[in-house]
Amino acid sequence: HVQLMESGGGVVQAGGSLKLTCAASGDNSDINSMSWYRQAPGKPRELVATLNNGAPAYYADSVKDRFDASGDNAKTLVYLQMNRLKSEDTAVYFCKADLRGGWVYWGQGTQVTVSS
């Protein structure tokens, strides 16, 4: 089992920056990859970025060149640095861990609100 806890959300003006943190605890050695997702009101949850062994492997087109995902090799902490934020980035941001054997764990989410 893995427990995930996101933090760092808040309210920021358009054009500003926020850094989200996801702390993983438990069977971290079983983690294959970790990802950031977001869900805006009335919209499906969407993949924002994926990290393999702490290195970014995927970014959604909507966040490329603005967001920077990173993590440590121990898979205990992953980050999402969000720059030049737009109103359409407003969402609840979730951390997800994919483990060996197909297990998937989610954090509880952290709200990001970008005011224009």
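Up top is the structure these notes are about.
For the structure given in this document, a descriptive report is provided here. Since the model is a prediction, treat every value here as computed from it, not as a measurement. (Residues numbered from 1 in each chain as written. Predicted model: local features only at pLDDT ≥ 70, side-chain atom pairs only at ≥ 80, totals over all residues. Heavy atoms only, no water.)

1. Re the sheet that holds strand β1 (residues 2-7)
- Strand order in the open sheet formed by 4 strands is β1-β3-β8-β7, with antiparallel pairing between adjacent strands. The sheet terminates laterally at β1 and β7 (67-71), the two strands that pair on one side only. Adjacent strand axes in the sheet meet at a mean angle of 15°, parallel and antiparallel pairs treated alike.
- Across 6 bridges, the pairing between strand β3 (residues 18-26) and strand β8 (residues 77-82) is antiparallel. For Cys22, the partnering residue across the bridge sits in β8 and is Val78. (Pairing = 2+ DSSP bridges. Helix = DSSP H or I, 4+ residues; strand = E, 2+ residues; numbered from the N terminus. Axes fitted to C-alpha atoms, helices over the stretch in contact; angles between N-to-C directions.)

2. Quick word on the pattern of salt bridges
- Considering all chains together, one arrives at 6 salt bridges under this definition.
- A salt bridge links Arg100 to Asp30; the shortest N-O distance between them is 3.1 Å. Pair noted here: Arg100 is in the loop between β9 (91-99) and β10 (104-106) and Asp30 is in the loop between β3 and β4 (31-39), with a separation of 70 residues, a long-range link.
- Taking the relative accessible area as the measure of exposure, Arg100 reaches 46% and is therefore partly exposed.
- Classification of Asp30 as partly exposed rests on a relative accessible area of 28%.
- A salt bridge links Asp98 to Lys96; the shortest N-O distance between them is 3.4 Å. (Salt bridge = Lys/Arg side-chain N within 4 Å of Asp/Glu carboxyl O. Buried < 20%, exposed > 50% of the residue type's maximum accessible area, 1.4 Å probe, protein only.)

3. Considering the environment of Leu20
- In this structure, Leu20 sits in strand β3.
- Along the chain, Leu20 and Asn52 lie 32 residues apart, while their C-alpha atoms are 18 Å from each other.
- Ignoring any residue separated from it by four or fewer positions in sequence, one finds Leu20 in contact with Ser7, Gly8, Gly9, Trp36, Val78, Tyr79, Leu80, Met82, Tyr93, Thr110 and Val112. (Contact = heavy atoms within 4.5 Å.)

4. Points about the packing of aromatic side chains
- By the definition in use, this model includes 2 aromatic pairs.
- Judged by centre distance (4.9 Å) and plane angle (65°), the ring pair of Tyr37 and Trp106 falls under edge-to-face. You can see Tyr37 sitting in strand β4 and its partner Trp106 sitting in strand β10, a full 69 residues away along the chain.
- Consider the rings of Phe94 and Trp106, whose centres lie 6.3 Å apart with planes at 85°: the pair is edge-to-face. Remark: Trp106 occurs in strand β10 and Phe94 occurs in strand β9; sequence separation between them is 12 residues.
- Accessibility expressed as a relative area gives 10% for Phe94, which makes it buried.
- Residue class for Trp106 comes out partly exposed when judged on its relative accessible area of 36%.
- Here the aromatic residues Tyr37, Phe94 and Trp106 are joined through ring pairs into a cluster of three or more. (Phe/Tyr/Trp six-rings, centres within 6.5 Å; stacked < 30°, edge-to-face > 60°.)

5. Some thoughts on the nonpolar core
- Among the nonpolar cores identified, the biggest contains 31 residues, and Leu4, Met34, Trp36, Leu80, Met82 and Tyr93 are the most heavily contacted of them.
- Counting only elements with at least two residues in this core, the list comes to β1, β3, β4, β5 (46-52), β7, β8, β9 and β11 (110-115).
- No other element matches β9, which puts 5 residues into this core.
- With sequence-adjacent residues up to four places away left out, Met82 is seen in contact with Gly16, Ser17, Leu18, Leu20, Arg66, Phe67, Tyr93 and Val112. (Core = buried A, V, L, I, M, F, W, Y, C linked by side-chain atoms within 4.5 Å.)

Function cannot be inferred from these measures alone, as they are strictly geometric.
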